[in-house]
Amino acid sequence: MEHHNSRPGGHPPVYTVAQPTTLLPFLLSSVKGKSRNNVKSLLSRRLVAVVSPESAPIKRMTQEARERGVLIDATYGRRTQAVLIMDNDHVVLSALTPEVIAGRLEGGERPGAEEEL
């Protein structure tokens, strides 16, 4: 397993699987500073990825989700700042930034960010 730390610019860490394993043991050994309950909670939320909406592949994915009826727009009319990809093939648009979402998933609070996920 290879882990690349976060780089300047807010890029998330990248974990590379080097041997066959199941997801929970892999995450428990990879994600430092998180309890088993924290990791299980993240898994139970069914969230696969939080990405920026700017790239062409994500724009295509969003459009395809809209056409298939699996797009959830949670922006309340505001600009989309993050796209959440769920394990059940749903795509969620959010007005919160990926950093705010990541902080909330990690259990941290961000002053002034009172909108719901």
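Details of the structure are given in the entry above.
Computed from a prediction, not measured in an experiment: that's the story for all the values here. (Residues numbered from 1 in each chain as written. Predicted model: local features only at pLDDT ≥ 70, side-chain atom pairs only at ≥ 80, totals over all residues. Heavy atoms only, no water.)

Q: Help me understand the overall build of the chain, please; the structure alone is not making it clear to me.
A: Across its full length, the chain carries four helices and six strands. Along its sequence from the N terminus, the chain presents helices and strands in the succession β-β-α-α-β-α-β-β-β-α. (Helix = DSSP H or I, 4+ residues; strand = E, 2+ residues; numbered from the N terminus.)

Q: For this particular structure, what's the right way to read unusual backbone geometry?
A: Working note: non-glycine residues mostly have negative phi, and peptide bonds are mostly trans. Phi is positive for tyrosine 76, close to 55°, though the residue is something other than glycine. One can find tyrosine 76 in the loop between strand 4 (71-74) and strand 5 (82-86). If you check the backbone angles, aspartate 89 has positive phi at about 80° while not being a glycine. Within the secondary structure, aspartate 89 is located in the loop between strand 5 and strand 6 (91-94).

Q: In this structure, what is going on with helix 4 (residues 98-105)? I would like to understand it.
A: Quick reminder: α-helices carry 3.6 residues per turn. Residues three or four places apart thus point the same way. Here helix 4 has its buried residues at Val100, Ile101, Arg104 and Leu105. Taken down its axis, helix 4 places every buried residue within 135° of arc, on the same side. (Buried < 20%, exposed > 50% of the residue type's maximum accessible area, 1.4 Å probe, protein only. Arc of directions from axis to C-beta.)

Q: Would you mind going over the environment of valine 92 with me for this structure?
A: When you line up the elements, valine 92 lands in strand 6. Classification of valine 92 by relative accessible area gives buried; the value is 13%. Between the alpha carbons of valine 92 and leucine 47 there is a distance of 10.0 Å; along the sequence they are 45 residues apart. Dropping the residues within four chain positions of it, valine 92 is found in contact with Ile72, Ala74, Ala82, Val83, Leu84 and Met86. (Contact = heavy atoms within 4.5 Å.)

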